[in-house]
Amino acid sequence: MATKTTEQQPSMIETLKEFKNTKNIDRTTLVSVLEESFRNVIAKIFGSDENFDVIVNPDKGDLEIYRNRVVVENGAVEDENKEIELKEAQKIDIDYEVGEEVSESVNFASFGRRAILNLRQTLASKILELEHDSLYNQYKDRVGELISGEVYQTWKKEILIIDDQNNELILPKAEQIPNDQFRKGETVRAVIARVDNENNNPKIILSRTSPMFLQKLLEQEVPEINDGLITIRRIARIPGERAKIAVESYDERIDAVGACVGVKGSRVHGIVRELNNENIDVINYSANIKIFIQRALSPARVSSITLDEENRKADVFLQPEEVSLAIGRNGLNIKLASLLTEYTIDVYRDTNDGEEDEDIYLEEFDDEIDQWVIDAIKAIGLDTAKAVLNAPRDMLIEKADLEEETVDHVLNVLRAEFEK
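Residues numbered from 1 in each chain as written. Predicted model: local features only at pLDDT ≥ 70, side-chain atom pairs only at ≥ 80, totals over all residues. Heavy atoms only, no water.

A. Representation of the overall build of the protein in the model. A count of helices and strands for the protein gives 15 helices and 15 strands. Taking 22 Å as the expected radius of gyration for a compact globule of 420 residues, we find that the protein reaches 37 Å, considerably beyond that expectation. Along the first, second and third principal axes, the C-alpha atoms of the protein reach 125 × 55 × 40 Å. For the protein, the share of sequence-separated contacts (at least 6 apart) that also reach a separation of at least 24 residues comes to 59%. Here the protein has roughly 23,600 Å² of accessible surface; of this, 43% comes from carbon and sulfur atoms. Between the centroid of the 52 positive side chains of the protein and the centroid of its 84 negative side chains there is a distance of 5 Å. (Helix = DSSP H or I, 4+ residues; strand = E, 2+ residues; numbered from the N terminus. Rg over C-alpha atoms; globule rule 2.2 N^0.38 Å. Contact = heavy atoms within 4.5 Å. Areas by Shrake-Rupley, 256 points an atom, 1.4 Å probe, with all protein chains shown as cover. Lys, Arg positive; Asp, Glu negative; His and termini not counted. Charge placed at Lys NZ, Arg CZ, Asp CG, Glu CD.)

Take a look at the structure:
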């Protein structure tokens, strides 16, 4: 019998051993892939690999290939791959006889340069597939999880982040908080937004703008949330600007809002810094939608609310001095309140002073106001002069999609009518 040969393509095996250590591919899978790759090349060369033994040990970096052939009479060989003449067999060992099996050590390098290149290509394809499967399986069930990683590369549209196992994660520009600025080597926290796997090419997409990111930061900072004593019911965010969070506790002894904010805001300070000074309002959740809307519009004090539950709309009436608080700077407060409560909220000045003046339909002013402007205002639910005068100017501009000059003209015309 021939002796084993272990010095066959050692650099290739060492490379695969290194890959196994860095990519965390389990030994059984790696050995299976290596063996399959060698057998594929052998089958292409000899037409079959069934009479070959391939022994791979990636931990030691050795490889052994044996070809098994049956001894036949001299001149009776029909398949050179599976049969060997008696005289050739006896050159290996004089005791071989017809019918016995000869096992020879084969040097893979002797198959030639093309076979080696073929092997490298096959292995590269198999290993890449293994790597993709491993990455996808590692992350597919972790959507919504908070993760930290190191910035490896920054581009205009996305950032490449490396986790603690050297896996590549993507933080798109659209998922970054405005004014986020990262440099190579910095640590970034984000939430796993989704795991794409198109054409078996997994991409781990992170987000810092998702409400889930804020929720996970809160869970880290507030032990009562982790312990199940406080529940985060809803979150609404305008990333980098402002957020509203509705929380609830089933234990009357626990102040849910106070626990989340902390003494002098101690528990939210770190979160605010992480979110680029995004203001955070924490309110108590209520299943009573009127109460919930009232709390969502804080710090404004609501006089009354009329609900249209079927269309999920709410008309909110406030004293004139409270209207600007309800709308908030750039309309952020009312926008977040609508997102949080899942109701379309319109605010109106409460002018109930005990006197009811006669109202006038907008159509009566078509000689002074263009019909298309009247139609635009009516489209947002305002049909009369008083309804328009009681509505906030900013709401007319934004919801009716009118220019400021147009809105001011309408208001001046309507006020003049009641001043006559």
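On we go from here.
B. Spotlight on the pairing of strand β13 (residues 302–308). Note: β13 against strand β14 (residues 313–318), six bridges, orientation antiparallel. Each bridged residue has a counterpart across the sheet, and for Ser304 the counterpart in β14 is Phe317. (Pairing = 2+ DSSP bridges.)

C. Structural view of the packing of aromatic side chains. Counted by the stated rule, this structure contains three aromatic pairs. Pairing Phe46 with Phe52 gives two aromatic rings, centres 5.2 Å apart and planes at 35°, and the pair type is tilted. Overall, the relative accessible area of 1% leaves Phe52 in the buried class. Above the face of the Tyr139 ring, Arg142 is positioned so that its terminal group lies 4.5 Å from the ring centre. (Phe/Tyr/Trp six-rings, centres within 6.5 Å; stacked < 30°, edge-to-face > 60°. Buried < 20%, exposed > 50% of the residue type's maximum accessible area, 1.4 Å probe, protein only. Lys NZ or Arg CZ within 6 Å of the ring centre and 35° of its normal.)

D. View of unusual backbone geometry. For the bond from Ser298 to Pro299, the omega torsion is 20°, close enough to zero to count as cis. Looking at the secondary structure, you find Pro299 in the loop between α9 (289–296) and β13. Its identity is not glycine, yet Asn330 carries a phi of approximately 55°, on the positive side. The residue Asn330 is located in the loop between α10 (320–327) and α11 (332–341) in this model. The backbone phi angle of Asp401 is positive, close to 55°, even though this residue is not glycine. With respect to the secondary-structure elements, Asp401 resides in the loop between α14 (393–399) and α15 (404–419). Given the relative accessible area of 66%, Asp401 is considered exposed.

E. Representation of the sheet that holds strand β9 (residues 203–207). Spatially, five strands are ordered β5-β6-β7-β9-β8 in a closed barrel, and the strand pairing comes out mixed. Averaged over all pairs of adjacent strands, the angle between strand axes in this sheet comes to 55°, irrespective of strand direction. Pairing of strand β8 (residues 187–196) with β9 involves five bridges; the strand directions are antiparallel. Within β9, the residue paired with Asp196 across the bridge is Lys203. Relative to the sheet, helix α4 (residues 113–139) contacts β5 (146–154), β7 (168–172), β8 and β9, its axis offset from that of β8 by approximately 105°. Against the sheet, helix α5 (residues 211–221) touches β5, β8 and β9, its axis set at about 130° to β8. (Axes fitted to C-alpha atoms, helices over the stretch in contact; angles between N-to-C directions.)

F. The packing of helix α2 (residues 27–46) against α4, seen in detail. Running from amino to carboxyl end, α2 crosses α4 at an angle of 145°, the nearest separation of the two axes being 9 Å. The crossing of α2 and α4 is right-handed. Each of Thr29, Val33, Leu34, Glu36, Ser37, Phe38, Asn40, Val41, Lys44 and Ile45 in α2 lies in contact with α4, whose residues at this interface are Ala115, Asn118, Leu119, Thr122, Leu123, Lys126 and Leu130. (Left-handed = near helix turned anticlockwise from the far one by under 90°.)

G. Region of interest: the sheet that holds β13. A sheet is described by the order of its strands in space; here three strands give the open sequence β13-β14-β15, paired in mixed fashion. Every other strand in the sheet has two partners, leaving β13 and β15 (344–349) as the edge strands with one partner each. On average, each strand axis in the sheet is tilted by 20° relative to the strand beside it, whichever way the strands run. Contacting β13, β14 and β15, α9 runs over the sheet at an angle of about 130° to β13.

H. Geometry of the environment of Lys184. The topology assignment puts Lys184 in the loop between β7 and β8. According to the relative accessible area criterion, Lys184 is exposed, its value standing at 61%. For the pair Lys184 and Ser125, spaced 59 residues apart in sequence, the C-alpha to C-alpha distance is 30 Å. Those residues in contact with Lys184, other than ones at most four positions away along the chain, are Val151 and Tyr152.

I. Structural detail: α15. Taking 1.5 Å per residue as the helical rise, α15 with its 16 residues ought to reach 22 Å, and the 22 Å between its terminal C-alpha atoms agrees with that figure. Considered for burial, the residues of α15 that qualify are Val407, Val410, Leu411, Val413 and Leu414. What you see down the axis of α15 is that its buried residues fit within an arc of 160°, all on one side. Residues of α15 that are exposed and point more than 90 degrees away from the buried face comprise Glu405 and Glu419. (Expected span 1.5 Å × (residues − 1). Arc of directions from axis to C-beta.)

J. How the structure looks around the pattern of salt bridges. Counted by the stated rule, this structure contains 26 salt bridges. Arg242 serves as the salt-bridge partner of Asp281, at 2.7 Å between the closest nitrogen and oxygen. Of this pair, Asp281 sits in strand β12 (residues 279–284) while Arg242 sits in strand β11 (residues 242–249), placing them 39 residues apart in sequence. Notably, a salt bridge pairs Asp281 with Lys244, separated by 3.4 Å at the nearest N-O pair. Taken together, the residues span a long stretch of sequence, with Asp281 in strand β12 and Lys244 in strand β11 at a distance of 37 residues. A relative accessible area of 0% means that Lys244 is categorised as buried. Beyond isolated ion pairs, a larger network of salt bridges with shared partners links Asp180, Arg189, Arg208 and Glu274. (Salt bridge = Lys/Arg side-chain N within 4 Å of Asp/Glu carboxyl O.)

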